[in-house]
Amino acid sequence: MASTPLVGRDDELTALGGALRDATDRAATVLVTGDAGVGKTRLVTEFGARPPLGARFLLGRGSARGAAVPFGLLVEALDPALRRLPADDLDAFARGRGRGLAGIAPSLPVAARPEAAPSRLAVLDAVAAAVEAIAADRPTIVALDDVHQADPSTREAIDYLARNPPSARALLIATARSEALASDPGLTALFDALRKDDLARSVAVRPLDRTEVEQLIAARRHDRDPSFAGWIWERARGNPLLTVGLLEGADDDPAVREVPVAVKERVRHLVGPLDAGDRSILELAAVLGHAFTLETAATLLDDPGQEQRLDQLVRAGLLVTREDDGVVIYDFVHPLVQEATYDGIGAATRRGLHARIAERGAREPIDVRAYHVARGALPGDGEAVAILREAARSDEAKGSHREALTHLRAALRLLDPTDDAARVELLREIAWQAAIASDHTIGIPAIRELEPLLEDDPRELAALRRQLASFLATGEGDLEGAAAAADDAVRLIAAGGLDDEFPRVLNELAWIKGEGGDLRAQIEGSGEAIRLAERGGDPITAMHARGAHAHALGLVGRTREAEITSRAAIETARGTGESEQIGWHTGALADSLMNGGRLEDARVELDGLLGRPNPSDVAYFSRARLDWHLGRWELGLTDCDAIRAMHPISPSIHSAWTLTLSGAILGAMGRPEEAAARVRLADRIYGEGEFYVFSAYHRWSAGWVAWLASDLDGATARLARAAAWLEAMRAWPVLAQILPDLIEVRVEAGELGAAERDAETMDAAIGAAPDPFLGAHRAYVRGLLAGSRGRTEDAMAGFAEARNAAAGLGARLLGGRAAERLGTVSSGRDRLDALTEAGRLFASFPAAALEARVDAALRREGGAGRRAAQTIGELTPREREVAALARRGLTAREIAAQLHLSPRTVESHLAHVYAKLGIASREELIRTSSIPAS
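Residues numbered from 1 in each chain as written. Predicted model: local features only at pLDDT ≥ 70, side-chain atom pairs only at ≥ 80, totals over all residues. Heavy atoms only, no water.

A look at the overall build of the chain
Consideration 1: On a plain count of helices and strands, the chain comes out with 48 helices and eight strands.
Consideration 2: The globule rule puts the C-alpha radius of gyration for 934 residues at 30 Å, and the 32 Å found for the chain is close to it.
Consideration 3: Dimensions of the chain, computed from the C-alpha atoms along their principal axes, are close to 100 × 90 × 55 Å.
Consideration 4: Taking as baseline every contact in the chain between residues at least 6 positions apart, the subset at least 24 positions apart corresponds to 66%.
Consideration 5: Summing over all exposed atoms, the chain offers an accessible surface of approximately 38000 Å²; the carbon and sulfur share of this is 50%.
Consideration 6: Charge-centre separation for the chain: the mean point of 111 positive side chains lies 4 Å from the mean point of 137 negative side chains. (Helix = DSSP H or I, 4+ residues; strand = E, 2+ residues; numbered from the N terminus. Rg over C-alpha atoms; globule rule 2.2 N^0.38 Å. Contact = heavy atoms within 4.5 Å. Areas by Shrake-Rupley, 256 points an atom, 1.4 Å probe, with all protein chains shown as cover. Lys, Arg positive; Asp, Glu negative; His and termini not counted. Charge placed at Lys NZ, Arg CZ, Asp CG, Glu CD.)

Concerning the sheet that holds strand β5 (residues 201-204)
Consideration 1: One open sheet accounts for five strands, arranged β2-β3-β4-β1-β5; its pairing is parallel. Each of the sheet's edge strands pairs with one partner strand only, and the pair in question is β2 (56-61) and β5. Neighbour-to-neighbour, the strand axes of the sheet open up by a mean angle of 20°, direction not taken into account.
Consideration 2: Pairing geometry for β2 and strand β3 (residues 140-145), over six bridges, is parallel. Residue pairing in the sheet places Arg61 in a bridge with Asp145 of β3.
Consideration 3: With respect to the sheet, helix α8 (residues 185-196) is in contact with β1 (28-34), β4 (170-177) and β5, its orientation differing from that of β1 by roughly 130°. (Pairing = 2+ DSSP bridges. Axes fitted to C-alpha atoms, helices over the stretch in contact; angles between N-to-C directions.)

Looking at the sheet that holds strand β6 (residues 292-293)
Consideration 1: The three strands are arranged β6-β8-β7 in an open sheet whose pairing can be described as antiparallel. Here the strands that pair on one side only, and so sit at the sheet edges, are β6 and β7 (319-324).
Consideration 2: Inspection of the sheet shows β6 paired to strand β8 (residues 327-332) by two bridges, in the antiparallel sense. By the bridge assignment, Thr293 is partnered in β8 with Ile329.
Consideration 3: Packed onto the sheet, helix α13 (residues 276-288) meets β6, β7 and β8 and runs at close to 90° relative to β8.

Thoughts on the packing of α13 against helix α15 (residues 308-315)
Consideration 1: Two elements in contact, α13 and α15, have axes separated by 9 Å at closest approach and are oriented at 90°. Viewed along their axes, α13 and α15 adopt a mutual orientation that is roughly perpendicular. The segment α13 lies against α15, with Gly277, Asp278, Ile281 and Leu282 engaging Arg309, Leu310, Gln312 and Leu313.
Consideration 2: Tallied by class, residues from the contact of α13 with α15 come to four nonpolar, two polar and two charged. (Parallel < 35°, antiparallel > 145°, perpendicular 65-115°, else oblique. Nonpolar A, V, L, I, M, F, W, Y, C, P; charged D, E, K, R; others polar.)

A look at unusual backbone geometry
Consideration 1: Residue Phe845 is joined to Pro846 through a cis peptide bond whose omega torsion reads 0°.
Consideration 2: Among the secondary structure elements, Pro846 is positioned in the loop between α42 (828-844) and α43 (848-859).
Consideration 3: One non-glycine residue, Phe71, lies in the positive phi region at around 60°.
Consideration 4: Within the element layout of this structure, Phe71 appears in the loop between β2 and α3 (72-83).

Observations regarding the nonpolar core
Consideration 1: Grouped together as the largest cluster of nonpolar side chains are 178 residues, with contacts concentrated most on Trp628, Trp633, Tyr692, Val693, Phe694 and Ile743.
Consideration 2: Top contributing element to this core by residue count: helix α37 (residues 732-749), with 10 residues.
Consideration 3: Leaving out residues up to four positions away in the same chain, Ile743 has contacts with Ala755, Asp758, Ala759, Met762, Val781, Leu784 and Leu785.
Consideration 4: One finds Ala81, Ala105, Ala168 and Ala170 within the second-largest nonpolar core, a separate group that totals 50 residues. (Core = buried A, V, L, I, M, F, W, Y, C linked by side-chain atoms within 4.5 Å. Buried < 20%, exposed > 50% of the residue type's maximum accessible area, 1.4 Å probe, protein only.)

Focus on the packing of aromatic side chains
Consideration 1: Under the definition given, this model contains 15 aromatic pairs.
Consideration 2: An angle of 55° between the planes, with centres 6.4 Å apart, marks the rings of Phe694 and Tyr697 as tilted. Here Phe694 pairs with Tyr697, and both are found in helix α35 (residues 694-708), just three residues apart, close to one helical turn. Neither Phe694 nor Tyr697 differs from the other in exposure class; each is buried. (Phe/Tyr/Trp six-rings, centres within 6.5 Å; stacked < 30°, edge-to-face > 60°.)

Focus: the pairing of β1
Consideration 1: Counting buried residues in β1 gives six out of seven residues, a clear majority hidden from the surface.
Consideration 2: In this sheet, β4 lies alongside β1 in parallel orientation, the contact comprising seven bridges. The partner of Ala28 across the bridge, within β4, is Leu171.
Consideration 3: Inspection of the sheet shows β1 paired to β5 by four bridges, in the parallel sense. For Leu31, the partnering residue across the bridge sits in β5 and is Ser202.

Section: the packing of helix α24 (residues 479-496) against helix α25 (residues 502-515)
Consideration 1: Axis separation between α24 and α25 bottoms out at 9 Å; the angle between their running directions is 160°. By the angle between their axes, α24 is roughly antiparallel relative to α25. The handedness of the crossing between α24 and α25 comes out as left-handed. Facing α24, whose interface residues are Leu479, Ala482, Ala483, Ala486, Asp487, Ala489, Val490 and Ile493, α25 presents Phe502, Val505, Leu509, Ile512 and Glu515.
Consideration 2: Class assignment of the residues belonging to the contact of α24 with α25 gives a composition of 11 nonpolar, no polar and two charged. (Left-handed = near helix turned anticlockwise from the far one by under 90°.)

Some details on the confidence of the model for the chain
Consideration 1: Overall, the prediction assigns the chain a mean pLDDT of 89, with 95% of residues at 70 or greater.
Consideration 2: Ranking the helices and strands of the chain by mean pLDDT puts helix α36 (residues 712-729) first, with 98, and helix α12 (residues 263-271) last, with 67. (pLDDT = per-residue confidence, 0-100.)

Brief notes about the side chain of Asp758
Consideration 1: Tracing the backbone shows Asp758 in helix α38 (residues 752-768).
Consideration 2: Excluding its chain neighbours within four sequence positions, the residues that come into contact with Asp758 are Leu739, Leu742, Ile743 and Arg746.

Some details on the environment of Tyr914
Consideration 1: In this fold, Tyr914 is placed in helix α47 (residues 903-917).
Consideration 2: A C-alpha to C-alpha distance of 33 Å links Tyr914 and Trp707, two positions 207 residues apart in sequence.
Consideration 3: Excluding residues that lie within four positions of it along the chain, Tyr914 makes contacts with Ile919, Ala920, Ser921, Arg922 and Leu925.
Consideration 4: For Tyr914, the side chain forms a polar contact with the main-chain nitrogen of Arg922, separated by 3.3 Å. (Polar contact = N/O pair within 3.5 Å; in protein donor to acceptor, adjacent residues only side chain to side chain.)

Section: the environment of Leu108
Consideration 1: Among the secondary structure elements, Leu108 is positioned in the loop between α4 (87-95) and α5 (120-134).
Consideration 2: The exposure class of Leu108 is buried, given its relative accessible area of 4%.
Consideration 3: Spatially, the C-alpha atom of Leu108 lies 30 Å from that of Ala200, the residues being 92 residues apart in sequence.
Consideration 4: Excluding residues within four positions of it along the chain, Leu108 makes contact with Leu90, Phe93, Ala94, Gly98, Leu101 and Ala102.

Topic: helix α17 (residues 347-360)
Consideration 1: Compared with the 20 Å implied by 1.5 Å per residue over 14 residues, the 20 Å span of α17 between its first and last C-alpha is a close match.
Consideration 2: Lining the buried residues of α17 we find α13, α14 (294-300), α16 (335-343) and α18 (366-376). (Expected span 1.5 Å × (residues − 1).)

Let's talk about α25
Consideration 1: Taking 1.5 Å of rise per residue, the 14 residues of α25 would be expected to cover 20 Å, and the 20 Å separating its terminal C-alpha atoms lies within 8% of that figure.
Consideration 2: Buried residues dominate α25, accounting for 11 of its 14 residues.
Consideration 3: Looking at α25, one finds that the buried residues are Pro503, Val505, Leu506, Asn507, Glu508, Leu509, Ala510, Trp511, Ile512, Gly514 and Glu515.
Consideration 4: On its buried side, α25 packs onto α23 (458-476), α24, α26 (519-535), α27 (539-555), α29 (579-595) and α36.
Consideration 5: Two residues or fewer after α25 comes Gly517, characterised by a positive phi angle close to 110°.

Description of the pattern of salt bridges
Consideration 1: Evaluated as defined, the whole model comprises 70 salt bridges.
Consideration 2: With its nearest N and O atoms 2.8 Å apart, the salt bridge here joins Glu132 to Arg97. Highlighted residues: Glu132 in helix α5 and Arg97 in the loop between α4 and α5, separated in sequence by 35 residues.
Consideration 3: Glu429 is the salt-bridge partner of Arg389, the closest N and O atoms lying 2.5 Å from each other. On the criterion of sequence distance, the pair formed by Arg389 in helix α19 (residues 382-397) and Glu429 in helix α21 (residues 420-436) is long-range, its members being 40 residues apart.
Consideration 4: Residues joined in a network through salt bridges with shared partners are Glu600, Arg603, Asp607, Arg623, Asp627, Arg632 and Asp639. (Salt bridge = Lys/Arg side-chain N within 4 Å of Asp/Glu carboxyl O.)

Topic: the environment of Leu20
Consideration 1: By the element assignment, Leu20 lies in helix α1 (residues 10-22).
Consideration 2: Overall, the relative accessible area of 0% leaves Leu20 in the buried class.
Consideration 3: Each C-alpha atom of the pair Leu20 and Ala170 lies 6.6 Å from the other, and the pair is 150 residues apart in sequence.
Consideration 4: Aside from chain neighbours lying at most four places away, what touches Leu20 is Pro52, Leu53, Ala55, Pro139, Thr140, Ile141, Arg169, Ala170 and Leu171.

Put into structure tokens, the structure is as follows:
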């Protein structure tokens, strides 16, 4: 097959080459799809054989076995290249960003492994760092073939790398079969999301057309028999693998014109002529299911002489070899050869081979042994179940919960069917892992299977109904079904007199009602749950109920009560030592502090907690919202990306709004396409429904993205929808924080009557929950409305008050907006000063789109405005030169002579440098540790 010329793939090769050439400073992703045997693998390997730009080519191939090994497909591609890095570079990588891969990538020293399991974000960032390290010296292609057989962690990494491209000239290629996409919802969701969000290019590998088939025939045969070409075309229909198979058959016997009905049948014909000895070796290789070394094969063969048969299989064109650091590695010439061989093995023989590999593979990683155990053991094999559960625990420690679920479900199939106790224990573990992985598609069936096993135990059944309610609410967004499940739990508890269970289900029900928009019911229900849990001596349930209680109290403006409740929950969480619970309740506390206008107190709590990674997304999304107000936008993006790493591919309905928030930040940074892509993904999650405050946060952030894109109608619709839902929820502080945005958009659109009505709603919301932050917002709105009516002095007073109050609170975004608006209604020097202040604030976020708006306003003010504009933003190349020489101690005259400038021009450049760096003198410049990059 490899000797057959490649025809009909010029467009596909051009597309791959173009994607690599376009990836000048950020990695690009290409998704290659097509039917089995259509030539995806051949296309990619041909591209890698003669890559553009002299690129390095790395290949990993999916397999059934590899699907059970976390990051297995990626490691297969990346690890050989990591191993070839200079020793010092590899050591620096392993002890730096690459630490997350220690224990996953064999090339990294064990000494680099962190004491505690790294966060999921740290592992995914380590993958990105590996691509950057490998591609540092030349462009690199990372080809992941057959990702329909990839492990879940590799799929998550593909999503992460596409959404957070490594800073490298690299191309990530992922191939998958079309029929797999049709039958694998998770893979379909991944590919569809990357395409819809414009994060990956698509290359669909089509069957060859009639002319291309004739070219292929002409390359192998000298005769020009039109009937033969027609016969090939009618039967293979352009499938390259089948076409080549027919040609090979005709080469053997030109008089025979027979064709199997499918590609896999053709592969079986290739295997057919083998004698029993060669077939047995080929079957063993197929059961190994992946590339294997000669050493591995030797441990599995009873007769050392059988090793030579591997070479015969290579000569027969069924296996290929490659050498890696002196180690000979065998692999199938095409994945379909492995699959067809595997499918053709009798069930008993196949099971026996898996069992032999599992028994003799003690040196293999636990995930690999677990894969073979799952397929080689018989029901009732307790040792096999133990190995699978060990593999699950190993994956859990790595944060690879989906692979853990794969092993646990395999263990469930191998349980003794009469051992109900073991089945209950295993199903509970599956449900728990599914909750951690946010996978309701596995968690809900596990609970359903548990229910009949526990129907005589009302306590356990009530707990299951409560857990089911959680899955339905947070997984499927089915609040009605969740409420029904929680009500069932209440009835079971009441009927069984299980008073100690009641606080748990009451708290779950309170959450569900709050998620549906009834914050009063959440407060009442969680408050009752606290009282009952404390009376029953159950501090853990009381802690969880305090979380629900505090969160709702903060949203309705009872922020002091919320703070007291959260701090009590944090104290209990610290007693348990569970970092996730500490993070959750600290995030809830900070949210309430924000809603009470105490931004600095919220910052202290969150920055103190997140000095090291935390497994709670609540802590990160609370800080992301705070970062927005504080103008810490680069940190805000980092926090949003941390949440995405916790929920790759399918973000949680609780935290998907941070996709939109990061979109608003990106839009303000001048990256509108990336912003729109993130909004589209979150739109698909929330749809037209409402879910707690999170759908409102999403629509508010999406309103900002539309506003920045000058879509006033879209911005108005989004912001008004968010405000209406928050008002219906009575979430007063949040409502009052976003209404100024809606009012400003309405003023810009000329909807002054609607803007004034929204201002009245805002006054009512602030009256229900007054605080200094909302006072600054109120002053800003007064300025907007006064300015829209031509009352300049009132507008100036409102904006000045808002700017000063925001500065005192650290609310730099509001401060910058107020300063900009103050500049628009002022005149003379006051106008220049206010606009300059706004521009410098926006530049520090950084917010290039907002900064550009101020820059344009200043430049319209003539020479003085242009000079002021030069003091805003990043240093120009000339300013960097001047600053560097000044830091070396050169005088203005010496700098002028060296750069061929006048001393006066040098002094002007230095003044701009001081203004942009926020310093006042040459002495401070010399003390500055470095000059920021432009």
